[in-house]
Amino acid sequence: DEKRFLIKLAPQSLYVASEQTVSVTLTVSAPIKTEVGTTDHITFSAYSANSSTSLSLLLRVISHSEVQDTQSPTISWTIGSRCDFTLVDHLHSCSEYLWSLDITAQDKHTGILRLVSIPSDNLFYTNSYTVGSRDPIRATYISTCCNPTVQLIAYDVVGNQQRYHVSVEQSVLNEPVIAAITMGIILAILLFLLLIAGVIWCCRRQKGTMDLPSYRSH
């Protein structure tokens, strides 16, 4: 606890059995004259007989306007590998084939709380994860072709959420890619119209400046 904002942790330590989930309550308080934007970095650690793991929490003093944040986090993804269902037949089991997503979630306002998936067992974070950070969270989702769909959900620290349903049975294009393609098509149409307008203008200009033949009377 870098700034000593943490005033109570209950319980302070406990034993967690294998596959058991427990809840820990913490109480934090910033001094009255603490400036908006001040951050406190708190790290929680868990230890087993052979390893340890940590979770970092970033507390930020925010203004009243930031508390009113209603904007959802953003989620984007690319398909790393895709199921070829023409190969999944009576000779090949769907469990023999894998597909994957490379996922990025971010909240630039009050900070990201967590990124989850349904089903939840196949989501793996690929960068360090700090609760409340405004930096992107990156993760990979991997599953067999027996389960070609997943729901992605991102939460920010004030409770806003964003969710998407992704299916590798459908188009490989996600919303950002579709938007980029649509913009490219619109620009191509505009360039085509400008080209036509330029040709028409050139033709009219040449017609207006054409020299007519002159005839002399004898």
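You'll find the structure just up there.
Section: the environment of glutamine 71
Note that glutamine 71 resides in the loop between helix 1 (64–67) and strand 5 (74–81). Along the chain, glutamine 71 and threonine 110 lie 39 residues apart, while their C-alpha atoms are 9.3 Å from each other. If sequence neighbours within four positions are ignored, glutamine 71 has contacts with Asp107, His109, Asp156 and Asn160. Of the polar contacts made by the side chain of glutamine 71, one reaches the side chain of histidine 109; its length is 3.0 Å.

Comments concerning the pairing of strand 4 (residues 52–60)
The side chains of a regular strand alternate, residue by residue, between the two faces of the sheet. Direction of pairing for strand 3 (residues 39–47) relative to strand 4: antiparallel, over a ladder of 9 bridges. Each residue of the ladder has a partner; that of threonine 39, found in strand 4, is arginine 60. Connecting strand 3 to the antiparallel partner strand 4 that follows it, the hairpin turn spans 4 residues. One ladder, built from 2 bridges, connects strand 4 with strand 9 (residues 130–131); its direction is parallel.

Details of the side chain of serine 143
For serine 143, the location among the structural elements is in strand 10 (residues 137–144). Residue serine 143 is classed as buried on the basis of its relative accessible area of 6%. Of note is the side chain of serine 143, whose polar atom sits 3.4 Å from the backbone oxygen of asparagine 147. In this structure, serine 143 is in contact with Tyr97, Leu98, Trp99 and Asn122, ignoring residues within four places of it in sequence.

With respect to the sheet that holds strand 3
Taken together, the 3 strands give an open sheet; going across it, the order is 3-4-9, and neighbouring strands pair in mixed fashion. Pairing within the sheet leaves two strands with one partner each, and these edge strands are strand 3 and strand 9.

Details of the layout of surface pockets
With a probe scaled to a water molecule rolled over the atoms, the places where space remains empty come into view. The space that makes up the largest pocket amounts to roughly 1100 Å³. At the level of secondary structure, the elements contributing two or more residues to the lining of the largest pocket comprise strand 2 (25–28), strand 3 and strand 4. Sorting elements by how many residues they give to the lining of the largest pocket places strand 4 first, with 6 residues.

Calculation criteria
- Residues numbered from 1 in each chain as written.
- Predicted model: local features only at pLDDT ≥ 70, side-chain atom pairs only at ≥ 80, totals over all residues.
- Heavy atoms only, no water.
- Helix = DSSP H or I, 4+ residues; strand = E, 2+ residues; numbered from the N terminus.
- Contact = heavy atoms within 4.5 Å.
- Polar contact = N/O pair within 3.5 Å; in protein donor to acceptor, adjacent residues only side chain to side chain.
- Pairing = 2+ DSSP bridges.
- Buried < 20%, exposed > 50% of the residue type's maximum accessible area, 1.4 Å probe, protein only.
- 1 Å grid on protein atoms, 1.4 Å probe; cavity = no way out; pocket = protein on both sides within 12 Å on 5 of 7 lines; lining within 4 Å.
- Points joined across faces, edges and corners; volume = space filled by probe spheres on them.

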